[in-house]
Amino acid sequence: MVGERDAGKSTFCRFLADQAIRSSRSTALLDADVGQKIVGPPACVTIDDPHGLSLAFVGSTDPVLGWQRLEGTRRLAQLTDADCLIVNTSGLLVGPGCSLKAAKIDALRPALLIAVGEGRALEQIARAALDLLILCVPSSPEARRKTNG
């Protein structure tokens, strides 16, 4: 899941996970957003799967400072035996965020990349991932800005 900050990525991830679980799918939610967490503590990449919660400490709530530490994201994704893995990412898309998204996509090689919202930065990331199946969805009208705190 990629998209700008506060576009509804986390809410959509939780919705997809709930639907997959209701469909009796073995489901894991990997939260690779180290700053605005939906699973686990800040400064960590976390996964909630049928075996419980696991984490990889990144050392920063700033995705730019921790982006080169992708081995935790890759390791957690490889450790789960869930047949449905949903990955939430940060809303950082420009500058170093573009490199961060490319590195995460390369590390995880998802079967489907979901792009939430629109805009030049998101289009650039989608163009770089042309070998992947990409689903573009609009930002939720229910999405609300989070405070910097």
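## With respect to the packing of aromatic side chains
Under the definition given, this model contains one aromatic pair. Ring geometry for F12 and F15: centres 6.4 Å apart, planes at 15 degrees, overall stacked. Highlighted residues: F12 and F15, both in helix 1 (residues 9-22), separated by three residues, approximately one helical turn. Classification of F12 as partly exposed rests on a relative accessible area of 22%. Of the residues examined, F15 reaches a relative accessible area of 44% and is grouped as partly exposed.

## Considering the sheet that holds strand 2 (residues 27-31)
With respect to topology, four strands assemble into an open sheet ordered 4-3-2-5, the strand pairing being mixed. Both edges of this open sheet fall to strand 4 (52-57) and strand 5 (84-88), since each of them pairs with a single strand only. Neighbour-to-neighbour, the strand axes of the sheet open up by a mean angle of 15 degrees, direction not taken into account. Summarising the sheet, strand 3 (residues 44-49) and strand 4 pair through six bridges and their orientation is antiparallel. Residue pairing in the sheet places I47 in a bridge with S54 of strand 4. In the packing of helix 3 (residues 71-79) onto the sheet, the strands contacted are strand 2, strand 3, strand 4 and strand 5, and the crossing angle to strand 4 comes to about 155 degrees.

## Observations regarding the sheet that holds strand 6 (residues 112-116)
The strand order 1-6-7 describes an open sheet built from three strands, whose pairing is parallel. The open sheet has two edge strands with one neighbour each: strand 1 (2-3) and strand 7 (133-137). Of the strand pairs in this sheet, strand 1 and strand 6 are connected by two bridges, and their pairing is parallel. Across the sheet, V2 pairs through a bridge with A115, a residue of strand 6.

## Thoughts on the pairing of strand 3
In summary, the side chains of a regular strand alternate between the two faces of the sheet. Within strand 3, five of the six residues are buried, which leaves the element mostly enclosed by the surrounding structure. Hairpin connection of strand 3 to strand 4: two residues between the antiparallel strands.

Cut-offs used in this document
Residues numbered from 1 in each chain as written. Predicted model: local features only at pLDDT ≥ 70, side-chain atom pairs only at ≥ 80, totals over all residues. Heavy atoms only, no water. Phe/Tyr/Trp six-rings, centres within 6.5 Å; stacked < 30°, edge-to-face > 60°. Helix = DSSP H or I, 4+ residues; strand = E, 2+ residues; numbered from the N terminus. Buried < 20%, exposed > 50% of the residue type's maximum accessible area, 1.4 Å probe, protein only. Pairing = 2+ DSSP bridges. Axes fitted to C-alpha atoms, helices over the stretch in contact; angles between N-to-C directions. Contact = heavy atoms within 4.5 Å.

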